[in-house]
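Take a look at the letters that make up each chain.
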Amino acid sequence: MNLDIGLMTFDLPAVGEYCRRAENMGFGAVWSAETRHDPFLPLAVAAATTHRVGLGTAIAIAFARSPMILAHIAWDLQKASGGRFVLGLGSQVKAHNERRFSVPWSAPAPRLREVVAALRAIWTAWQRRAPLDFRGQSYRFDLMTPFFDPGPIEHPQVPVYLAGVNPQMCRVAGEIADGLHVHSFHSERYLRECVHPAVQEGLNRAGRSRADFTFRASTMVVLGDSAEERKRHARAVKQQIAFYASTRTYEPVLATHGWQDLTPALHRKSVEGDWAGMADLITDEMLDTFAVTGSYDTVGAQLKQRYAGLLDSTALYQPYQPGLDDPRLPRFIKEFNA
């Protein structure tokens, strides 16, 4: 299992040094998220300042951009990084699409399938200098003159990972994508009983094998070398679990453990603004189910034991990921890679 890291700075002048340090410390990949900043700009800086570490989005919002825009950005980043880029896409939920990005909403799984098909049609046209002719339900691309064609690159097979929680999206990922960004709100049991079988069904439909596919996730951890530090972080992680569990989208994860009745109670408290009360509803058993607790010397082995055969790479979930300046971080990396 590879150990990755999330990008913790979006200050563009600082990104290069951050990613160089992550590369030198032995991380396998640096992932950039679309939260308060654009996810692609920092990776352009990282591509020009690193040599080995993988670079990718975890994730970029698919429907907020035309597939043509995504195709150009990914093509340039793949070329600049020498083939180290992974385009991670997610649908986000209806409210964010319509109200944060002001784009139309439609059934996400079929539309995301079409986005990936369109991307590959565009990349194939550029690489082969062939006519572009893609027609789907949501997108049409059949105009590509030499003036707008960036031309072939050395590593034209840009990996595409999809973000998925429910079985339908996981099946689509298994059928058409190169990997799955597993949501941070997950459990070992949910991966084993729901996510993996759905992905395998998609792989079977496409005649592909497990070796053709990558499972990666950021993992919530309660990390600390003292009981007091772990107690403080446990409260913060319970708050994060409560945030996700209050949303109906993630109710199937709770239902795997018989906790689906928790969602309405958490949702009521979120409407009331009772954030502290939400965390109080998360028991220690739930914390142990959705997060890994340990010290810097032990949590690496715990992660590998929990996710053996279930994940190909993981990272510590932000914002509970220690900074690169934390003197204990090299111990964790060494112990993980042992």
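The following refers to the structure shown. (Residues numbered from 1 in each chain as written. Predicted model: local features only at pLDDT ≥ 70, side-chain atom pairs only at ≥ 80, totals over all residues. Heavy atoms only, no water.)

1. Overview of the packing of aromatic side chains
Moving on, step 1. One pass over the structure, following the stated rule, counts 16 aromatic pairs.
Moving on, step 2. With centroids separated by 6.2 Å and ring planes inclined at 15°, the aromatic side chains of Tyr139 and Phe141 adopt a geometry described as stacked. This pair shows no difference in class: Tyr139 is buried, exactly as Phe141 is.
Moving on, step 3. A centroid spacing of 5.9 Å and a plane angle of 70° characterise the contact between Trp259 and Phe290, whose relative ring orientation is edge-to-face. Remark: Phe290 occurs in helix H12 (residues 284-290) and Trp259 occurs in the loop between helix H9 (251-255) and helix H10 (262-272); sequence separation between them is 31 residues. The exposure classification of Trp259 matches that of Phe290, with both residues buried.
Moving on, step 4. Among the aromatic residues, those joined into a cluster by ring pairs are Phe185, Phe243, Tyr244, Tyr250, Trp259, Phe290 and Tyr317.
Moving on, step 5. In this structure, Arg111 is placed above the aromatic ring of Phe63, and the distance from its NZ or CZ to the ring centre is 4.3 Å. (Phe/Tyr/Trp six-rings, centres within 6.5 Å; stacked < 30°, edge-to-face > 60°. Buried < 20%, exposed > 50% of the residue type's maximum accessible area, 1.4 Å probe, protein only. Helix = DSSP H or I, 4+ residues; strand = E, 2+ residues; numbered from the N terminus. Lys NZ or Arg CZ within 6 Å of the ring centre and 35° of its normal.)

2. So, the pairing of strand S9 (residues 160-164)
Successive residues of a regular strand alternate their side chains across the two faces of the sheet.
Moving on, step 1. Burial analysis of S9 places four of its five residues in the buried class, which makes it a mostly covered element.
Moving on, step 2. By the bridge criterion, three bridges tie strand S6 (residues 85-90) to S9 in an arrangement that is parallel. Within S9, the position partnered with Gly88 by the bridge is Tyr161.
Moving on, step 3. Note that S9 and strand S10 (residues 179-182) share four bridges and pair parallel. Its bridge partner being in S10, Tyr161 is matched across the sheet by Gly179.
Moving on, step 4. In this fold, S9 hands off to helix H6 (residues 167-176), which returns the chain to S10; that crossover is right-handed. (Pairing = 2+ DSSP bridges. Right-handed = clockwise from strand over helix to strand, strands pointing away.)

3. Here we look at the nonpolar core
Nonpolar side chains tend to gather and get buried jointly when the protein is soluble and globular.
Moving on, step 1. Counting 102 residues, the largest nonpolar core has Leu87, Leu89, Trp123, Leu162, Leu180, Phe185 and Phe332 as the members making the most contacts within it.
Moving on, step 2. In this structure, Phe185 is in contact with Met220, Ile241, Tyr244, Ala245, Tyr250, Val253, Leu254 and Phe290, ignoring residues within four places of it in sequence. (Core = buried A, V, L, I, M, F, W, Y, C linked by side-chain atoms within 4.5 Å. Contact = heavy atoms within 4.5 Å.)

4. Focus on the pattern of salt bridges
Moving on, step 1. A complete count under the given rule lists 25 salt bridges for this structure.
Moving on, step 2. Of the charged contacts in the structure, one is a salt bridge between Asp38 and Arg65, with a shortest N-O distance of 3.5 Å. Of this pair, Asp38 sits in the loop between strand S3 (29-32) and helix H2 (41-49) while Arg65 sits in the loop between strand S5 (60-61) and helix H3 (67-80), and the two are 27 residues apart along the sequence.
Moving on, step 3. Exposure remark for Arg65: the relative accessible area of 12% places this residue in the buried category.
Moving on, step 4. Across the salt bridge formed by Arg328 and Asp326, the nearest N and O atoms sit 3.2 Å from each other.
Moving on, step 5. Here the salt bridges do not stand alone but share partners, grouping Asp225, Glu229, Asp297, Asp326, Arg328 and Arg331 into one network. (Salt bridge = Lys/Arg side-chain N within 4 Å of Asp/Glu carboxyl O.)

5. Thoughts on H2
Moving on, step 1. Of the residues making up H2, those classed as buried are Pro42, Leu43, Ala46 and Ala47. An end-on view of H2 places all buried positions within 140° of arc, on one side of the element.
Moving on, step 2. Lining the buried residues of H2 we find helix H1 (12-25), S3, strand S4 (54-57), H3 and S6. (Arc of directions from axis to C-beta.)

6. Quick word on helix H13 (residues 299-307)
Every α-helix carries 3.6 residues per turn, so stepping three or four residues along brings you back to the same face.
Moving on, step 1. Taken as a whole, H13 has its buried residues at Val299, Gly300, Leu303, Arg306 and Tyr307. Considered in projection along H13, the buried side chains sweep an arc of 135° and stay on one side of the axis.
Moving on, step 2. At the exit of H13 stands Gly309, carrying a positive phi of roughly 80°.

7. Quick word on unusual backbone geometry
Moving on, step 1. Of note, the bond from Ala58 into Ile59 is cis; its omega dihedral lies within 30 degrees of zero at 0°.
Moving on, step 2. Backbone geometry places Arg129, a non-glycine residue, at a positive phi of 55°.
Moving on, step 3. Relative to the assigned elements, Arg129 resides in the loop between helix H5 (108-128) and strand S7 (134-135).

8. Some points on the pairing of strand S14 (residues 313-316)
Moving on, step 1. Side-chain alternation along S14 places Ser313 and Ala315 on one buried face and Thr314 and Leu316 on a second face that is also buried.
Moving on, step 2. Bridge count for strand S1 (residues 2-3) against S14 is two bridges, and the pairing is parallel. Its bridge partner lying in S14, Asn2 is registered against Ser313.
Moving on, step 3. Judged from the four bridges that link them, strand S11 (residues 214-219) and S14 form a sheet pairing that is parallel. When the sheet's bridge partners are listed, Arg216 is paired in S14 with Ser313.

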